[in-house]
Amino acid sequence: MLPYCRSVTNRLASSSTVDPRRRLLLQTKQGNSGTLHNITKRRQYHDRGVYGYRVPKEYRMPDYTQEELANRMEYGSLLRFVQAYRQHGHKSARLDPLEIMQHEKVLSLQAERYGLTDPKKMYNLAGILHVTESTSNPSGREEADFEAILGHLNAVYCGKIAHEFMHLPSASERRWWYHAVESWTKPQLSVKQKRRIHELLTNSETFDHFLAKKFPNMKRYGLEGAESMMVALDRLFELSAQTGVQDVLIGMPHRGRLNLLCNLLEYPHAALFSKMKGNSELPGDTTHTGDVISHLINNPTLKYDGGEVHVSLLSNPSHLEAVNPVVMGKARAKQTELLTSANPDCSLGDRVMAVQIHGDAAFTGQGIVMESLSLSNLPHYSSGGSVHIVVNNQLGYTTPAQNARSSAYCSDIGKMINVPVVHVNGDFPEDVARAMDVVFEYRNKFRKDIILDLICYRRWGHNELDEPAFTQPSMYNNIRLHNSVPKQYEQKLISEENVFESAESVAAVRESQYSLLDSELQKANNEPLVDCPSSYHLQGNWKGIKHVKTRPLPEEEPDTGVATDVLTQVGKQSVTSPDASIKLHPRLQKYHIASRLKRLDQGSGIDWATAEALAFGTLLQEGHDVRISGQDVGRGTFSQRHAMFVDQGTEKAVIPLNHGLGDGQGFLEVANSPLSEYAVLGFEYGMSIESPSRLVIWEAQFGDFFNGAQIAIDTFVSSSEAKWLRQTGLVMLLPHGQDGAGPEHSSARVERFLQMSNEPMDIDKCYDVAPNWSVVNCTTPAQYFHVLRRQIHRPYRKPLIVMSPKGLLKSQAAVSTLDDMAPGQQFKPVLDDPVSTESPNGVEKVVFVSGKLYYDLVKERAAKGLDDRIALIRVEELSPFPRNELEQVVDQYNYAREFIWCQEEPENAGAYAFMAPRISQLIPRNEKLQYVGRAALAAPATGISSQFRAEQARLIQDALTV
């Protein structure tokens, strides 16, 4: 396509007219500080965590010379006028293809307001403006008259491409934009390049027309009106291939997706038509539900002159923008893996690029956009800068822009993190490609997000079956009279010489595409389809991972135990700073480090945080990476974890487990996140689907914080394997338990996760179905240790939802021994009563319980002297339902006459509704499973402390009455 936009800064750096000191500043250099990320130097761990544990590159433009500063002072009026164009020129640009935008006169662009009235007056431009380059003067003209200056400003700032960059806080970046926009001459396109653009546009339009004719009653969300998106993406892929980007990851909504898939991403047309005719898009040897056509994906390697690039379009749900943080997380994971084998100069973003395609209304309307943008420049979440392409239809569903946002542009949301914006008129595809040049160049130089606002329209309504004139009659009267983008460009090329031999050769492009589509449709009509999609889900990093169709039996679960001497060594390392000079907080030394070392020496009394550190450390020792992300996870919400030590004087931070575990150990990334749930959880999901050998954990500050991420849970975590065969081993830690804290922060809403499980109601069929995830409520540190290690040692991946404790974190009752974590041990879905099993025939009542309530019941049962009459059975794994394990336990208590489910959550919450119909199928003599717990409540818990205590005492009393 277009010749690569030569870097202005490269030209300056090589120019003989540039001061050597300035030239030196133009070169890319390594450094800890800079505008890219303002990271405190003292936070060395976080510095190391950026860019896959490497210091980022910093790119800087030179400051003005003394001569240039003097010239700026001498011609201050001209400088202010030029600055006005830089800031306000976009307001007068020709950006609207329909020409329905209302433009007010921009007073700031009136020359007379600056006293600039003589068109022939000459001005020295040094330090003020960059005019056209030439072969004889590569640095640009040194002077020009005002008439030439005005014409140049209107050409570069008020044409069909407009720029917003004056809001950038970095003076260096603003100077880069001055150079890039003002000193760039539009490249003349070759015949080959013009034909490529024509081919893309024509194929796009023909494709949409073909679908409309052959599948008239199907919503396809076509690209008509926005065909230039194909030109923008093709140019982006070409530039990526030429500059060494290996992977481009794309997240996009439904608009134009099928066009992109088939016409650029090489998705077989016959496979699409087969899906549209009602067949599955996924391999027949898998268990799946599939998804709609507007969520299809493909991952081709595209070849261009100068290189090739692998492009992956990610699976996404219908919830707009939900895929954005997923793309970012996957991009970061892929890049950090590449960095392990890349040369030392390679930084995050060099080899992998995230591309986020948006609709204009969703870009401003969906909160996930703001959350995702807030991650863009953070140390543990940056993916090296995303390219955002807004397919701006000037209409949200059927809502006009003035009712859809409060800002002038939909792209204004990006200004919250100082993202530059390039607006372009979508009716001019050559300008769209040129706009992508500068977009790519900026991202490549500064490794920051940038927005391409592609202003276009929808030829039809929200979908092809909609009538938009119901609510937008004026706009759609205009659209019906407006020639399509491909037709306009076709007419332009016909009028030019030497592009096409004749009008017939132009028509042949459409005819060829239509013939191809018709042939592919005939192929789809022949069953079975020859080129049915391959089993893409277990390729790359996922080779060796299994797709399970049925639930593995208990005896097939892995042994997750570790030798006690290794556990001791790992545990001691978890509290041993690699830097002896670090000054620790005295309470940390006394209550955390000393206590852990003592427990390890004794081999008993192992608490929750120690068990977690042992799970992390042993996985690291085996070569696996571990990442835990969330709000304040370094210390833990309840000040229990302390995975990172912070010097009390310098604030230097270290991670003890990243040292001393042997050659080839993995890396523990402790990512203290922003106050976001939706985007951060989506990001971690993206990390997990790229790296099955990495333990990826998201921890909520309190369990109910997951509410803010419900869309990500519903559409990705719980169902991605069923819809797309996309496995994930993501772990969610949700602090849960009634402790008198009030309605919020008491419940992680376990009932919601159980309701979303795919568990059969008939327990005899539960092993016929592969579970979509595991929901556990562990009561011992050893159980927690094993369930974390199980995530990596299973031959398949499933999400793990942990109702993690609060009060049990430092409880003297909820402790384990190192022997509980030794070889031969594993996670136990059900824990039988260690007391009642000694004399099971004397048990009159069996109480099933899950979570911390068990310890309250044990204490009260002992006080009442009922140890031999009441059995307390802990259900540690709620889903998948532990049928075999529970049956073995129930069979022991042949003389029991009462079976109850006891929970501290309200009756309409907790696990009761899920467990009752299933446990009832195991109870002998058709006994009814009784419920003991709080009455149904609208809120998760009462906020009245006296009422809470009374409720708790009553349910414990009811459970232990015989």
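Residues numbered from 1 in each chain as written. Predicted model: local features only at pLDDT ≥ 70, side-chain atom pairs only at ≥ 80, totals over all residues. Heavy atoms only, no water.

Colleague: Can you explain the pairing of strand β19 (residues 695-699)? Please cite residues and give values.
Modeller: When you tally the buried positions in β19, you get five out of five residues, the bulk of the element. Taken together, the three bridges between β19 and strand β20 (residues 731-733) define a ladder with parallel strand orientation. Bridge pairing in β20 links glutamate 699 to leucine 733. (Buried < 20%, exposed > 50% of the residue type's maximum accessible area, 1.4 Å probe, protein only. Helix = DSSP H or I, 4+ residues; strand = E, 2+ residues; numbered from the N terminus. Pairing = 2+ DSSP bridges.)

Colleague: Explain the sheet that holds strand β23 (residues 830-831) to me, and be specific about the residues and the numbers.
Modeller: Read from one edge to the other, the open sheet built from five strands follows the order β23-β25-β24-β27-β28, with strand pairing classed as mixed. Among the strands making up the open sheet, the edge pair consists of β23 and β28 (929-934). Note that strand β27 (residues 898-906) and β28 share five bridges and pair parallel. Across the sheet, the residue bridging to phenylalanine 899 is leucine 929, located in β28. On top of the sheet, helix α28 (residues 853-864) reaches β24 (845-849), β25 (870-875) and β27; it is set at about 170° to β25, its chief contact. (Contact = heavy atoms within 4.5 Å. Axes fitted to C-alpha atoms, helices over the stretch in contact; angles between N-to-C directions.)

Colleague: Any details on the packing of helix α23 (residues 678-690) against helix α24 (residues 710-717)? Residues and values, ideally.
Modeller: Where α23 contacts α24, the two axes come as close as 8 Å, and the packing angle between them is 25°. With respect to α24, the axis of α23 lies roughly parallel. Of the residues in α24, those in contact with Tyr678, Leu681 and Tyr685 of α23 are Ile711, Ala712, Ile713, Phe716 and Val717. When its residues are assigned to classes, the contact of α23 with α24 shows eight nonpolar, no polar and no charged. (Parallel < 35°, antiparallel > 145°, perpendicular 65-115°, else oblique. Nonpolar A, V, L, I, M, F, W, Y, C, P; charged D, E, K, R; others polar.)

Colleague: Please provide a residue-by-residue account of the state of the cysteines, values included.
Modeller: What the rule picks out here adds up to zero disulfides. Between cysteine 456, a cysteine without a disulfide, and cysteine 410, which holds the nearest cysteine sulfur, the sulfur-to-sulfur distance is 9.8 Å. Owing to a relative accessible area of 1%, cysteine 456 belongs among the buried residues under this scheme. The thiol sulfur of cysteine 778 is not disulfide-bonded, and the nearest other cysteine sulfur, from cysteine 902, lies at 19 Å. (Disulfide = S-S within 2.5 Å.)

Colleague: Describe the nonpolar core, with residues and values.
Modeller: Ranked by internal contacts, the top residues of the largest apolar core, which has 108 residues, are Leu78, Trp177, Met229, Leu233, Phe237, Phe273 and Val355. Beyond its immediate chain neighbours, meaning those up to four positions away, tryptophan 177 contacts His163, Phe165, Leu168, Glu182, Pro420, Val422, Val438, Tyr442 and Ile450. Formed by 82 residues, the second largest nonpolar core is a distinct cluster that contains Ala679, Ile689, Ala700 and Ile801. (Core = buried A, V, L, I, M, F, W, Y, C linked by side-chain atoms within 4.5 Å.)

Colleague: How would you explain the pattern of salt bridges if you had to name every residue and give the values?
Modeller: Under the counting rule described, the total for this entry stands at 53 salt bridges. A salt bridge links lysine 415 to glutamate 164, with the nearest nitrogen and oxygen atoms 2.7 Å apart. One end of the pair, lysine 415, is in the loop between α15 (401-404) and β13 (421-425); the other, glutamate 164, is in strand β5 (residues 161-164), with 251 residues separating them in the sequence. (Salt bridge = Lys/Arg side-chain N within 4 Å of Asp/Glu carboxyl O.)

Colleague: Which residues make up the confidence of the model for the protein, and what are the values?
Modeller: Per-residue pLDDT for the protein has a mean of 89; in total, 91% of the residues score no lower than 70. Predicted confidence for residues 1-43 stays below pLDDT 50, and this span has 114 contacts to residues more than four positions away or in other chains. With pLDDT under 50 throughout, residues 134-139 is counted as low confidence; its partners more than four residues away or in other chains account for four contacts. (pLDDT = per-residue confidence, 0-100.)

Colleague: Can you explain helix α18 (residues 485-495)? Please cite residues and give values.
Modeller: Each α-helix turn comprises 3.6 residues. Residues three or four places apart therefore point the same way. Listed as buried for α18 are Val485, Pro486, Tyr489, Glu490 and Leu493. Projected down its long axis, α18 shows its buried positions confined to an angular sector of 130°, all on one face. N-cap assignment for α18: the residue whose side-chain oxygen lies 3.2 Å from the backbone N of lysine 487 is serine 484. (Arc of directions from axis to C-beta. Polar contact = N/O pair within 3.5 Å; in protein donor to acceptor, adjacent residues only side chain to side chain.)

Colleague: Just give me the short version of the side chain of glutamine 665, but keep the residues and values in it.
Modeller: One can find glutamine 665 in the loop between β17 (653-654) and β18 (668-672). Apart from residues no more than four positions distant in its own chain, glutamine 665 is found in contact with Leu620, Gly623, Leu657, Asn658, His659 and Gly660.

Colleague: Go over the packing of helix α7 (residues 171-182) against helix α16 (residues 429-446) with me, naming the residues and quoting the values.
Modeller: Contact geometry of α7 with α16 gives a least axis separation of 12 Å together with a crossing angle of 150°. It follows that α7 is roughly antiparallel to α16 by the angle criterion. Handedness of the crossing formed by α7 with α16: right-handed. Within the contact between the two elements, α7 uses Glu173, Trp176, Trp177 and Ala180 and α16 uses Val438, Glu441, Tyr442, Lys445 and Phe446. Each residue belonging to the contact of α7 with α16 can be placed in one class, and the counts come to six nonpolar, no polar and three charged. (Left-handed = near helix turned anticlockwise from the far one by under 90°.)

Colleague: Just give me the short version of the packing of aromatic side chains, but keep the residues and values in it.
Modeller: This structure, assessed with the given rule, holds 27 aromatic pairs. Ring centres of phenylalanine 210 and tyrosine 514 lie 5.2 Å apart, and the angle between their planes is 75°; on these two criteria the pair is classed as edge-to-face. Of this pair, phenylalanine 210 sits in helix α8 (residues 191-214) while tyrosine 514 sits in helix α19 (residues 503-525), and the two are 304 residues apart along the sequence. According to the relative accessible area criterion, tyrosine 514 is partly exposed, its value standing at 28%. Seen from their ring centres, phenylalanine 706 and phenylalanine 753 are 4.8 Å apart, and the 50° between their planes marks the pair as tilted. Of this pair, phenylalanine 706 sits in the loop between β19 and α24 while phenylalanine 753 sits in helix α26 (residues 750-755), and the two are 47 residues apart along the sequence. (Phe/Tyr/Trp six-rings, centres within 6.5 Å; stacked < 30°, edge-to-face > 60°.)

Colleague: Can you tell me about the sheet that holds strand β9 (residues 352-359), naming the residues and giving the values?
Modeller: Taken in spatial order, the eight strands line up as β5-β13-β14-β10-β9-β6-β8-β7 in an open sheet, and their pairing is mixed. Strands at the two margins of the open sheet, each flanked by one partner only, are β5 and β7 (301-304). Shown here is a sheet whose adjacent strand axes are inclined to one another by a mean of 20°, direction ignored.

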